[in-house]
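# Descriptive structure summary
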Amino acid sequence: MSDNFILDKQLAADTHHLASWPLCEVRLMDDAQYPWLILVPRLADVREIYQLDESQRKQLDAESVYLGKAMMTLFGGDKLNVAALGNVVSQLHIHHVVRFQGDAAWPAPVWGKLPVQAYDSEALKARMHALAGIADKHWS
């Protein structure tokens, strides 16, 4: 992708690297309350989806659809929330959050509802292991 790509410092601090796909970095949000992954296109100075060219948009869509379906299959949630907010971090990133009726924030959005509960080392290891099958997607 872009040789000038630099992951935003806040995203780097708040997430764990899971995989590198053709367009995006796949990162686990460091909040153990929800299955929450983020796609970050490896493109410099991109803030909005409309800034991607057609082939990049198609690849982002393919990666997002695959990720959402795989997460719902793995976690069996009631709803998948997908969003590109960018109010705090302007670098384009797409949140994928599996939601369950009765989870800590249900039915409200997860953003800012409750304090973050960072993974402890054992829970992080277990979550990353559980996500390994998603991370190992081989793109054609």
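The structure this text deals with has already been given above.
Described below are features of the structure shown in this document. This is a predicted model, so every value here is computed, not measured.

Our next topic: the pattern of salt bridges. Once the charged atoms of two side chains with opposite charge are near each other, the side chains can pair. If you walk through the whole model with that rule in mind, you get three salt bridges. For the salt bridge of K58 with E54, the shortest nitrogen-to-oxygen distance reads 3.4 Å. Pair noted here: K58 and E54 are both in helix α2 (residues 54–75), with a separation of four residues, about one helical turn. R99 serves as the salt-bridge partner of D103, at 2.7 Å between the closest nitrogen and oxygen.

Moving on, we get to the packing of aromatic side chains. Applying the stated criterion across every chain, the model contains three aromatic pairs. Plain terms: the ring middles of W21 and Y66 are 5.5 Å apart, the flat faces sit at 70° to each other, and that makes the pair edge-to-face. Of this pair, W21 sits in the loop between β1 (15–20) and β2 (24–29) while Y66 sits in helix α2, and the two are 45 residues apart along the sequence. Here the aromatic rings of Y34 and W36 are separated by 6.1 Å at their centres, their planes lie at 70°, and the arrangement is edge-to-face. By relative accessible area, which is 2% here, Y34 ends up buried. We classify W36 as buried; its relative accessible area is 4%. In this structure an aromatic cluster arises from ring pairing among Y34, W36 and W111. Over the ring of Y66 we find K137, and its NZ or CZ is 5.1 Å from the ring centre.

The rules behind each value
Residues numbered from 1 in each chain as written. Predicted model: local features only at pLDDT ≥ 70, side-chain atom pairs only at ≥ 80, totals over all residues. Heavy atoms only, no water. Salt bridge = Lys/Arg side-chain N within 4 Å of Asp/Glu carboxyl O. Helix = DSSP H or I, 4+ residues; strand = E, 2+ residues; numbered from the N terminus. Phe/Tyr/Trp six-rings, centres within 6.5 Å; stacked < 30°, edge-to-face > 60°. Buried < 20%, exposed > 50% of the residue type's maximum accessible area, 1.4 Å probe, protein only. Lys NZ or Arg CZ within 6 Å of the ring centre and 35° of its normal.

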